[in-house]
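# An overview of the molecular structure
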Amino acid sequence: MNTIATQAPHSVRRYAKVVTEIPGPKSKALAERRSNAVSDSVPVTLATFIEKADSNVLHDVDGNSLIDFAGGIGVSNVGNGNARVVERVQEQVEDFAHVCFAITPYEEYVQVCELLNEHAPGDHAKKSALWNSGAEAVENAVKVARSYTGRSAVVVFRNAFHGRTNLTMAMTAKNMPYKEGFGPFASDVYRVPMANPFGFAGTPEECAEATLREVRTMIDKEIGASNVACIVMEPIQGEGGFIVPAPNFAKGIRDYCTENGIVFIADEVQSGFGRTGTWFAIEHEGVVPDIITTAKALGGGLPLAAVTGRAEMMDSVHVGGLGSTFGGNPVSCVGSIAAFESVERDGLLEKAKNLEAIFRRRLEQIQQRHSVVADIRGRGAMMAIELADDSGPDAARAVAVQKWCHQNGALAIVTGTFGNVIRFLPPLSMSPEVLEEGLDILSEAFDATA
Ligand SMILES: *Cc1c(COP(=O)(O)O)cnc(C)c1O
């Protein structure tokens, strides 16, 4: 089962092209420079160096083309080389690259906030503020919730990932590699169970009910609801393994927050910006959060993050309490404006739903042949398969499949608390034929590693 079948190089399909071993000689030479110059602590999934990319494939320095299942970890929703983004970014760089919004403002920052307020769920008055990374957005959402409520406790879920800064490390569940050796962590962060239907002995509805009961009891008895500033939830857990909460779990959490004056924060850093076929994944739950954090795809490929929330909450912080030197950088802002335009005018929400249909059909076919595919889940272009057998999670098989895909022209990536989940985050603009070819490669990978 652990034998990794490698095919001879030089496999040329329509889109995936493998003309050298992967990584090729030029990548290997660069990898040597990398290991001399770059800290060993920075991880790499596949050490093939990229020269150019579009919505479908990544072209490496050796002339290989890999079908992009990673989307830069859910960043490239509108695709690399998106013409709308390229044009506006080039213009903006010429006009000005930075002045600092807190010193002298510019219209592009305001426009991104307007777009976020308009697209975030709920018809209440909303306001936004901008930062550079997802972790920063989550940190600042917590600051807003604490300032607004005058309370300090933060409640997060099992399997959660919220970032790598001190507070967000405390909020993140998985020790290795995110937290090991980096303590002490921020205090007053409490972890409660997530309603994960996979592996639950009962129906998804029973899973939601039982987990909700447990969460309510834990908060009431162990923390005290009146001490809780916010509950932070990923509407689909990303790094934790693309876990879609059992039906009505998010609604139950929302209701508990409302009953207890707790701010409900949806961390949509990975699941947002059209990824699941709606602007925000929380819309599938019919739930309106008080605050939403976004980053990853928000800048159209450029670094940008935001906190969007009820106006009275966002305004509760004293003047100067929120800010950032680079936050809402004008080049990133125009990337974001172009990305909003692309999702709307290029029909990317619809395209994400079409990709989901292809994923489900093809992944089910693989599952019929390979019982190790224990679960298929996700929404829109945020899909995953969990590999497990009778003895539990099968991380070795996930790694073998991943490696075979890499050597045959598809950039597959693995995630999950047990490292046994293969996840798919292609650009929403990926063409269906390319996705089909990528899934041909995945399917062959399962046969070859059986
Ligand atoms: C990636 C991610 C973050 C952290 O974003 P960075 O930009 O890497 O700081 C936070 N929350 C979720 C849900 C994420 O997926």
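This structure is a prediction, so every number in the text was calculated from the model and none was measured.

### Regarding the layout of surface pockets
- Taken as a whole, the second largest pocket holds about 480 Å³ of empty space.
- Lining the second largest pocket we find 20 residues, and of these Phe-101, Tyr-109, Ser-128, Ala-129 and Leu-322 sit closest to its centre.
- Classifying every residue of the lining of the second largest pocket by side-chain character gives 11 nonpolar, seven polar and two charged.

### Topic: the environment of Glu-205
- Note on placement: Glu-205 falls in helix α7 (residues 204-223).
- Sequence separation between Glu-205 and Val-401 is 196 residues; the distance between their C-alpha atoms is 33 Å.

### As for the nonpolar core
- Among the nonpolar cores identified, the biggest contains 119 residues, and Ile-219, Ile-231, Phe-249, Ile-385, Leu-442 and Phe-446 are the most heavily contacted of them.
- The leading source of residues in this core is helix α10 (residues 330-345), at eight residues.
- Each of domain 1 (25-78 + 349-448) and domain 2 (83-345) accounts for three or more of the residues forming this core.
- Setting aside anything within four residues of it in sequence, one finds Ile-219 in contact with Val-155, Val-192, Gly-224, Ala-225, Val-228, Ile-231 and Tyr-256.
- Among the nonpolar cores identified, the runner-up in size contains eight residues, and Ile-22, Ala-70, Leu-411 and Ile-413 belong to it.

### Quick word on the pattern of salt bridges
- On inspection of all chains with the given rule, the structure shows 20 salt bridges.
- Notably, a salt bridge pairs Arg-254 with Asp-290, separated by 3.1 Å at the nearest N-O pair. Of this pair, Arg-254 sits in helix α8 (residues 249-260) while Asp-290 sits in the loop between β10 (263-267) and β11 (291-294), and the two are 36 residues apart along the sequence.
- In this structure, Glu-436 and Arg-362 form a salt bridge, with 2.7 Å as the shortest nitrogen-oxygen distance. Separated by 74 residues along the polypeptide, Glu-436 in helix α13 (residues 432-448) and Arg-362 in helix α11 (residues 348-369) bring together distant segments of the chain.
- We classify Glu-436 as partly exposed; its relative accessible area is 23%.
- On the basis of relative accessibility, which here comes to 11%, the residue Arg-362 falls in the buried class.

### Some details on the domain arrangement of the chain
- According to the domain assignment, the chain consists of domain 1 (25-78 + 349-448) and domain 2 (83-345).
- Taken over C-alpha atoms, the centre of domain 1 sits 25 Å from the centre of domain 2.
- With 29 residues of domain 1 at the contact, the number on the domain 2 side is 31 residues.
- Taking both partners together, domain 1 and domain 2 bury about 2600 Å²; carbon and sulfur atoms supply 61% of that area.
- Taken together, domain 1 and domain 2 are joined by two salt bridges.
- Across the pair Arg-423 and Glu-239 runs a salt bridge, and its minimum N-O distance is 2.9 Å.
- Summed over the shared surface of domain 1 and domain 2, the result is 13 residue pairs in polar contact (both at pLDDT 80 or more).
- Looking at the side of domain 1 that touches domain 2, the elements that each hand over two or more residues are α2 (71-74), α11, β13 (373-379), β14 (382-389) and β18 (421-424).

### What to know about the sheet that holds strand β8 (residues 189-192)
- Spatially, the seven strands line up as an open sheet ordered β6-β12-β11-β10-β9-β7-β8, and their pairing is mixed. Edge positions in the sheet fall to β6 (126-131) and β8, since each of these pairs with one other strand and no more. Each neighbouring strand pair of the sheet contributes to a mean axis angle of 20°, computed without reference to strand direction.
- In terms of strand pairing, β10 meets β11 through three bridges, oriented parallel. When the sheet's bridge partners are listed, Ile-265 is paired in β11 with Ile-291.
- On top of the sheet, helix α4 (residues 107-119) reaches β6, β11 and β12 (305-310); it is set at about 130° to β6, its chief contact.

### Some details on empty space enclosed by the protein
- On inspection of all chains with the given rule, the structure shows two cavities of 30 Å³ or more.
- Considering only enclosed or pocket space, the largest cavity measures out at about 50 Å³ in volume.
- Every residue lining the largest cavity is listed: Ala-120, Pro-121, His-124, Lys-126, Pro-289, Asp-290, Ile-291, Ile-292, Thr-308, Gly-309 and Arg-310.
- Of all elements in the fold, only β11 and β12 reach the threshold of two or more residues within the lining of the largest cavity.
- When residues in the lining of the largest cavity are grouped by element, the largest group, three residues, is from β12.
- Its residues placed into classes, the lining of the largest cavity shows five nonpolar, three polar and three charged.
- Taken together, Asn-159, Ala-160, Phe-161, Lys-174, Tyr-178, Glu-239, Gly-240 and Thr-417 make up the lining of the second largest cavity.
- Looking at the lining of the second largest cavity residue by residue, the class counts come to three nonpolar, three polar and two charged.

### Some details on the site of the ligand
- The full set of residues close to the ligand is Ser-133, Gly-134, Ala-135, Phe-161, His-162, Glu-234, Asp-267, Val-269, Gln-270 and Lys-296.
- The separation between an oxygen atom of the ligand and a polar main-chain atom of Gly-134 is 2.8 Å.
- Contact between the ligand and Phe-161: a nitrogen atom at 3.4 Å from a main-chain N or O atom of the residue.
- Against a free-state accessible area of 380 Å², the protein chains account for coverage of 81% of the ligand.
- Of the residues belonging to the shell around the ligand, the class tally is three nonpolar, four polar and three charged.

### Points about the packing of helix α3 (residues 83-95) against α10
- In the contact formed by α3 and α10, the axes pass within 8 Å of each other and the chain directions differ by 155°. If you check the angle between α3 and α10, you find them roughly antiparallel. In the packing of α3 onto α10, the handedness of the crossing is right-handed. Every residue of α10 that contacts α3 at Arg-84, Val-85, Arg-88, Val-89, Gln-92 and Val-93 is listed here: Pro-330, Val-331, Val-334, Gly-335, Ile-337, Ala-338, Ala-339, Glu-341, Ser-342 and Arg-345.
- Looking at side-chain class alone, the contact of α3 with α10 contains nine nonpolar, three polar and four charged residues.

The rules behind each value
Residues numbered from 1 in each chain as written. Predicted model: local features only at pLDDT ≥ 70, side-chain atom pairs only at ≥ 80, totals over all residues. Heavy atoms only, no water. 1 Å grid on protein atoms, 1.4 Å probe; cavity = no way out; pocket = protein on both sides within 12 Å on 5 of 7 lines; lining within 4 Å. Points joined across faces, edges and corners; volume = space filled by probe spheres on them. Nonpolar A, V, L, I, M, F, W, Y, C, P; charged D, E, K, R; others polar. Helix = DSSP H or I, 4+ residues; strand = E, 2+ residues; numbered from the N terminus. Core = buried A, V, L, I, M, F, W, Y, C linked by side-chain atoms within 4.5 Å. Buried < 20%, exposed > 50% of the residue type's maximum accessible area, 1.4 Å probe, protein only. Domains from an automatic or database assignment. Contact = heavy atoms within 4.5 Å. Salt bridge = Lys/Arg side-chain N within 4 Å of Asp/Glu carboxyl O. Buried area = accessible area lost by both parts, 1.4 Å probe. Polar contact = N/O pair within 3.5 Å; in protein donor to acceptor, adjacent residues only side chain to side chain. Pairing = 2+ DSSP bridges. Axes fitted to C-alpha atoms, helices over the stretch in contact; angles between N-to-C directions. Near = heavy atom within 4 Å. Areas by Shrake-Rupley, 256 points an atom, 1.4 Å probe, with all protein chains shown as cover. Parallel < 35°, antiparallel > 145°, perpendicular 65-115°, else oblique. Left-handed = near helix turned anticlockwise from the far one by under 90°.

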